[in-house]
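Chain by chain, the residues:
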Amino acid sequence: FLFATKFVNMAGNTTLTMIKPGAVRRNLIGPILGMITEHGFKVEALKLTKLSARQAAKFYEVHRGKPFYDGLVNYMSSGPIVAAIIRKDNAVAEFRELIGNTDPEKASEGTIRKLFAESLSHNAVHGSDSDENAAKEAAFFFSETERFCPEEWHCDEDMEAY
Ligand code: IDP
C-alpha cells in the first residue's frame, strides 16, 4: 500500500490554473470553474487577484526573450485573474487535456480554450505544464494556510512534497 501511494504520487495530483484577465472581464469565472469541477477536479485553493507587471514577468520567466513575452506580461497584468490549485489524479496531464491546445484554433471541441479563448494570446486559462512547475506556481500564489483539503480527499500523503 505504501509503495502504491508513493507511486501514485509520482504523477502529481495537483496543478495550478489561472483564469486570465480577458476571461474574467467577459464574466467567465463561473462557467470555467464549473467545467473544472464537472471534470472531477477539486478546488484546494482559490483567489481573485491581480498581477503586477513585475509579478507576471516573473511567472512567465521561461518565455523571456520570446517575441510574445512583452505582450504576454502586459496582458497578464491588465486586470484581475482567478488563481486556483486544483486536485485530481494525474492533474497536470488531465487538466492540459481539458484546456486544449495553446492555440484555440487547434484546440479540440469541448475544451475550455475552444469554448472560451479569444485568440492564441488571449486563451482564457493557464495550466501548469509539469509537476515541478505546478508546485512552483502553487507556491507563487498561495501560502500553506490558503490551501484546504477535506479529509475525504486524502491529500496528506502528498502534502510533504510541497
Ligand atoms: P501554455 O499556456 O499552453 O502552456 P506556453 O507555450 O507556455 O503555452 O505559452 C504561455 C502563454 O503565452 C500561452 O498560454 C499564450 O497565452 C501565450 N503564447 C504562447 N505562444 C504565443 C504566440 O506565439 N503568440 C502569442 N502568445 C503566445
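Since the structure is predicted, the reported quantities are computational estimates derived from the model, not experimental observations.

## Some thoughts on the UniProt feature "domain: Nucleoside diphosphate kinase-like" (unreviewed entry) in the protein
Okay, so step 1: Following the UniProt record, the feature "domain: Nucleoside diphosphate kinase-like" (unreviewed entry) maps to residues 12-149 here.
Okay, so step 2: Helix makes up 40% of residues 12-149 and strand 17%, whereas the separation of the span's terminal C-alpha atoms amounts to 15 Å.

## Looking at the site of the ligand
Okay, so step 1: Neighbouring the ligand are Lys20, Tyr60, His63, Phe68, Leu72, Arg96, Thr102, Arg113, Leu120, Ser121 and Asn123.
Okay, so step 2: Ser121 has a polar backbone atom sitting 3.4 Å from an oxygen atom of the ligand.
Okay, so step 3: Side-chain polar atom of Asn123 to an oxygen atom of the ligand: 2.9 Å apart, as the coordinates give it.
Okay, so step 4: Grouping the amino acids of the shell around the ligand by side-chain chemistry returns four nonpolar, four polar and three charged.

## Structural notes on the pattern of salt bridges
A side chain with one charge may pair with a side chain of the opposite charge, provided their charged atoms come close.
Okay, so step 1: By the definition in use, this model includes eight salt bridges.
Okay, so step 2: Close ionic contact of Glu44 with Arg87 constitutes a salt bridge, the shortest N to O distance being 2.7 Å. Pair noted here: Glu44 is in strand 2 (residues 42-49) and Arg87 is in strand 3 (residues 81-87), with a separation of 43 residues, a long-range link. When sorted by exposure, Glu44 lands in the same class as Arg87, which is buried.
Okay, so step 3: Across the pair Arg147 and Glu44 runs a salt bridge whose closest N-O atoms are separated by 3.0 Å. With Arg147 in the loop between helix 8 (131-141) and helix 9 (156-159) and Glu44 in strand 2, this residue pair connects regions lying 103 residues apart in the sequence. There is no split in this pair, since Arg147 and Glu44 are both buried.
Okay, so step 4: What you see here is one network of salt bridges that share partners, running through Glu44, Arg87 and Arg147.

Here is what the cut-offs are and how they apply
Residues numbered from 1 in each chain as written. Predicted model: local features only at pLDDT ≥ 70, side-chain atom pairs only at ≥ 80, totals over all residues. Heavy atoms only, no water. UniProt positions renumbered as here; feature names shortened; annotations may be inferred. Helix = DSSP H or I, 4+ residues; strand = E, 2+ residues; numbered from the N terminus. Near = heavy atom within 4 Å. Polar contact = N/O pair within 3.5 Å; in protein donor to acceptor, adjacent residues only side chain to side chain. Nonpolar A, V, L, I, M, F, W, Y, C, P; charged D, E, K, R; others polar. Salt bridge = Lys/Arg side-chain N within 4 Å of Asp/Glu carboxyl O. Buried < 20%, exposed > 50% of the residue type's maximum accessible area, 1.4 Å probe, protein only.

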